[in-house]
Amino acid sequence: MCRRLAFVVLLPWFASARVWAAPPAPDRIADNLYGTSFASDHDGWVVGAFGTIYRTRDAGRTWRPQVSHTQESLFSVDFVDTDHGWAVGRSGTILHTDDGGETWAAQSGHTEQHLFRVDFVDPVFGIAVGDWGTILITTDGGATWEPRPLQHDVILNGVSLVGRDHAWVVGEAGTILQSTDAGRTWTEQHSGVDKSLFGVFFADEHRGWTVGIDGLILFTDDGGATWQVQNGSTEAGGLEQVGFAQAFDQPSLYSVAVRGDDGYAVGEIGAIFTSGNGGRTWKRVATPPNWSVGWLRDVSIVAGTHGAMVGAGGKRVMIADGQVDLSRESTHAAETVH
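All values derive from a computational prediction rather than experimental measurement. (Residues numbered from 1 in each chain as written. Predicted model: local features only at pLDDT ≥ 70, side-chain atom pairs only at ≥ 80, totals over all residues. Heavy atoms only, no water.)

> Before we go on, may I ask you to explain unusual backbone geometry in this structure?
Negative phi characterises most residues that are not glycine, and trans characterises most peptide bonds. You will see that Ile-269, though not glycine, has its phi angle at about 45 degrees, which is positive. With respect to the element layout, Ile-269 can be found in the loop between β22 (262–267) and β23 (272–275). (Helix = DSSP H or I, 4+ residues; strand = E, 2+ residues; numbered from the N terminus.)

In structure tokens, the structure reads:
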């Protein structure tokens, strides 16, 4: 099995095309959700298959659909405040809003490559990454995007910025790249693993985490000069060698976030890992047995901490005051869009 096919199997993002229809009914979000971003304790967004975008103003109790004007699946969303946000997805799709998502407008990155992650530090500077070594940088809020592609074919899955001069990108085959000049140049860091990495999060210029296949959680406290394994298996193995028991014990992890003492990582079979000591150690949360048929793709939190985890079939698990609320999985939206 080729590595690119293996990636698609592990990450079921690429939904088949369907005829564009009216916005979904307000009582339930059924489409797969791939990204989430919270800008405050109460204000958050989720994005997903077929251009799905929803917003909550009440910490996830209700959700209101927003019109994206696209059929393309959206894989990532990032808001720097309650007004300014970006979403990226299939075939180079980039959307921008400056009014909290009341209106979304397309931006051009001059690429048809899938974009898997976007991160902004303020309303003007951001980076998006994706397939075939794609790296796009904007310094004007996305009015223009400058390509800074890698010279070799590697899927880039995650990006994390700390200010404009400190950025990290992760991808397949243990790839970790760092930039200290606003993304103009990139240097490779030694992850110590050959397995794909999907998510990355830096709390400051020194402390960061990346997650990937087989439950991997890697940590650095020196800006990525060295990485240490906190969880998961580093041994290489083909997909055909991964049995059900191993997949359950060490599920692939897709996203990680740490704010203060509270950290969260999510992934396959509805897996949730939490940390209460600033990401120094992690423990797995016991989840309902029926979650094993699904997956969680992204997590977003703000200091406090409040936020959400999102995944298959519209699943939204809320985080409130640093606690994962498994008793109140969010399923309702507030109103339709006409």
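> Honestly, the environment of Leu-150 in this entry has me stumped. Any pointers?
Along the chain, Leu-150 falls in the loop between β12 (146–147) and β13 (156–161). Sequence separation between Leu-150 and Trp-186 is 36 residues; the distance between their C-alpha atoms is 8.8 Å. In this structure, Leu-150 is in contact with Gly-133, Ile-135, Leu-156 and Leu-177, ignoring residues within four places of it in sequence. (Contact = heavy atoms within 4.5 Å.)

> Just to check I follow, could you spell out the nonpolar core for this structure?
Generally speaking, nonpolar side chains in soluble globular proteins are found buried as a group. Core analysis: the largest hydrophobic core is formed by 23 residues, its most contacted members being Trp-209, Leu-253, Val-256, Ala-265, Trp-282, Val-299 and Met-309. Counting residues per element, the ones that place at least two in this core are β18 (208–212), β19 (216–220), β21 (253–259), β22, β23, β25 (296–302) and β27 (316–320). The biggest single contributor to this core is β21, with four residues. Residues within four places of Met-309 in sequence aside, it is in contact with Tyr-264, Val-266, Ile-272, Leu-296, Asp-298, Val-299, Lys-315, Arg-316, Val-317, Ile-319 and Val-324. (Core = buried A, V, L, I, M, F, W, Y, C linked by side-chain atoms within 4.5 Å. Buried < 20%, exposed > 50% of the residue type's maximum accessible area, 1.4 Å probe, protein only.)

> In this structure, what is going on with the packing of aromatic side chains? I would like to understand it.
What characterises a pair of aromatic rings is the spacing of the ring centres plus the angle enclosed by the ring planes. Evaluation of the coordinates by the stated rule reveals eleven aromatic pairs. Seen from their ring centres, Tyr-34 and Phe-75 are 5.4 Å apart, and the 65 degrees between their planes marks the pair as edge-to-face. Of this pair, Tyr-34 sits in strand β1 (residues 33–38) while Phe-75 sits in strand β5 (residues 74–79), placing them 41 residues apart in sequence. As far as the burial class goes, Tyr-34 and Phe-75 line up, both buried. With a centroid separation of 5.2 Å and 40 degrees between ring planes, the pair formed by Trp-209 and Phe-219 is classed as tilted. With Trp-209 in strand β18 and Phe-219 in strand β19, the pair connects residues that are ten residues apart, well separated along the chain. The exposure class of Trp-209 is buried, given its relative accessible area of 0%. Phe-219 sits in the buried class, given a relative accessible area of 11%. (Phe/Tyr/Trp six-rings, centres within 6.5 Å; stacked < 30°, edge-to-face > 60°.)

> Where do I start with the sheet that holds strand β8 (residues 105–107) in this structure?
Working definition: the strands of a sheet are paired by backbone hydrogen bonds and lie parallel or antiparallel to each other. As summarised here, the arrangement of the four strands in space is β5-β6-β7-β8, forming an open sheet in which the pairing is antiparallel. One side of each edge strand has no neighbouring strand; the edge strands of this open sheet are β5 and β8. Each neighbouring strand pair of the sheet contributes to a mean axis angle of 25 degrees, computed without reference to strand direction. (Pairing = 2+ DSSP bridges. Axes fitted to C-alpha atoms, helices over the stretch in contact; angles between N-to-C directions.)

> Quick question: what am I supposed to make of the sheet that holds strand β14 (residues 167–171) here?
Here four strands make up an open sheet; going across it, the order is β13-β14-β15-β16 and the pairing antiparallel. The open sheet terminates on both sides in strands that have one partner only, identified here as β13 and β16 (187–189). The mean angle between the axes of side-by-side strands here comes to 25 degrees, regardless of whether they run parallel or antiparallel. Pairing analysis gives three bridges linking strand β15 (residues 176–179) to β16, with the strands arranged antiparallel. Counterpart to Ile-176 in the pairing with β16 is Gln-189.

> Honestly, the pattern of salt bridges in this entry has me stumped. Any pointers?
Pairing between side chains becomes possible if they bear opposite charge and their charged atoms approach one another. Evaluated as defined, the whole model comprises nine salt bridges. As a salt-bridge pair, Arg-57 and Glu-102 come within 3.6 Å of each other at their nearest N and O atoms. Remark: Glu-102 occurs in the loop between β7 (94–97) and β8 and Arg-57 occurs in the loop between β3 (53–56) and β4 (64–66); sequence separation between them is 45 residues. Of the residues examined, Glu-102 reaches a relative accessible area of 40% and is grouped as partly exposed. (Salt bridge = Lys/Arg side-chain N within 4 Å of Asp/Glu carboxyl O.)

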